[in-house]
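Chain by chain, the residues:
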Amino acid sequence: MASKNKRSLRTKVSEGTTAKDSPDGSGRGSWTAGKTVAEIRRVYKANTNQAFAASAKKYLRDQFDFFGLRTPIRHQLDAEIAVTVDFDCWTGQQLHSLLLLLWCQKEREFQLYGVDLARKHLKTVLYDFDQAVSLLEKMITTKSWWDTVDMIASHLVGGLVKAFPGRGRDLMDAWIDHDDLWIRRSAILHQLDYKKNCRDDILFRYCLRRAHETDFFIRKAIGWALRNHAHVRPSAVRDFVIANDDSLSPLSKKQALKHLGGWPVKK
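Everything numeric in this text was worked out from a predicted model, so none of it was measured.

**A look at the packing of helix α8 (residues 146–163) against helix α10 (residues 181–189)**
Now for step 1: Taken N-terminus to C-terminus, the directions of α8 and α10 make an angle of 45°; their axes are 8 Å apart at the nearest point. The angle between α8 and α10 places the two elements in the oblique class. When you trace α8 past α10, the crossing you get is right-handed. Contact residues: W146, V149, D150, A153 and S154 in α8; W182, R185, S186 and L189 in α10.
Now for step 2: In the contact of α8 with α10, the residues fall into five nonpolar, two polar and two charged.

Given below as structure tokens:
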């Protein structure tokens, strides 16, 4: 019996399927992308929370529909799905097909599921540079909003640049001037998880490259990237903000120096 503080989750495997089936049909069930999406929908729909769905939809400015799954519940359901479908057996191409199909679904939890899945199977998703770039660009520019883009940028794009450092750096240099706002934001944020391996020269150059923009999401990204790096190199970030006081927006400076005594600073 579920405890009073833990919601009972309905995750019974669909009749006729077995755990650890592979997408190539070698198991007793064939887990194609379409069948997998149907199973995710079945499990999520059985746990719908209409009140939270309405709240989540409002929070993201009525851009997406929701099943209404709080993050801990969704992660628990995802773990159950992973028992049913063994993604370790899937090839990069098969995962790409699934991710693209997840992005076609109207409920936002499908895209959140896709980001989490790609993170867990990052090496497989990044099996080929060109294919991975094509996939990530579609994931970033379709149904774009910060809730998915920021995770894609920091975990998936950042992982791509680590896996293919030469071509990855060239790609980021192109993305920082991309026509799409969310691609530019991704270039700024792609080093968020690098910590001590974050390169000052690239971060600072990208921040200055987009410092003239008035868009909130770009200015916030600049500040966030700098604030994050300040945990590792506080003096470098503070010196950069002081040196570029006239170029950076008040929002970017405020965010960058949030844990360094705050803004304004004097040259």
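**Side note on the environment of T148**
Now for step 1: Relative to the helices and strands, T148 is located in helix α8.
Now for step 2: Note on T148: relative accessible area 0%, which makes it buried.
Now for step 3: For the pair formed by T148 and R108, sequence separation is 40 residues and the distance between their alpha carbons is 9.3 Å.
Now for step 4: For T148, the residues in contact, after removing those within four places along its chain, are W103, R108, Q111, L112, V115 and K143.

**Here's the deal with empty space enclosed by the protein**
Now for step 1: In this structure the tally under the stated criterion is one cavity of 30 Å³ or more.
Now for step 2: Roughly 40 Å³ of internal volume is contained in the largest cavity.
Now for step 3: Around the largest cavity, the lining residues are I188, Q191, L192, C198, L203, A225 and N228.
Now for step 4: Grouping the constituent residues of the lining of the largest cavity by class yields five nonpolar, two polar and no charged.

Each value, and the rule that gives it
Residues numbered from 1 in each chain as written. Predicted model: local features only at pLDDT ≥ 70, side-chain atom pairs only at ≥ 80, totals over all residues. Heavy atoms only, no water. Axes fitted to C-alpha atoms, helices over the stretch in contact; angles between N-to-C directions. Helix = DSSP H or I, 4+ residues; strand = E, 2+ residues; numbered from the N terminus. Parallel < 35°, antiparallel > 145°, perpendicular 65-115°, else oblique. Left-handed = near helix turned anticlockwise from the far one by under 90°. Contact = heavy atoms within 4.5 Å. Nonpolar A, V, L, I, M, F, W, Y, C, P; charged D, E, K, R; others polar. Buried < 20%, exposed > 50% of the residue type's maximum accessible area, 1.4 Å probe, protein only. 1 Å grid on protein atoms, 1.4 Å probe; cavity = no way out; pocket = protein on both sides within 12 Å on 5 of 7 lines; lining within 4 Å. Points joined across faces, edges and corners; volume = space filled by probe spheres on them.

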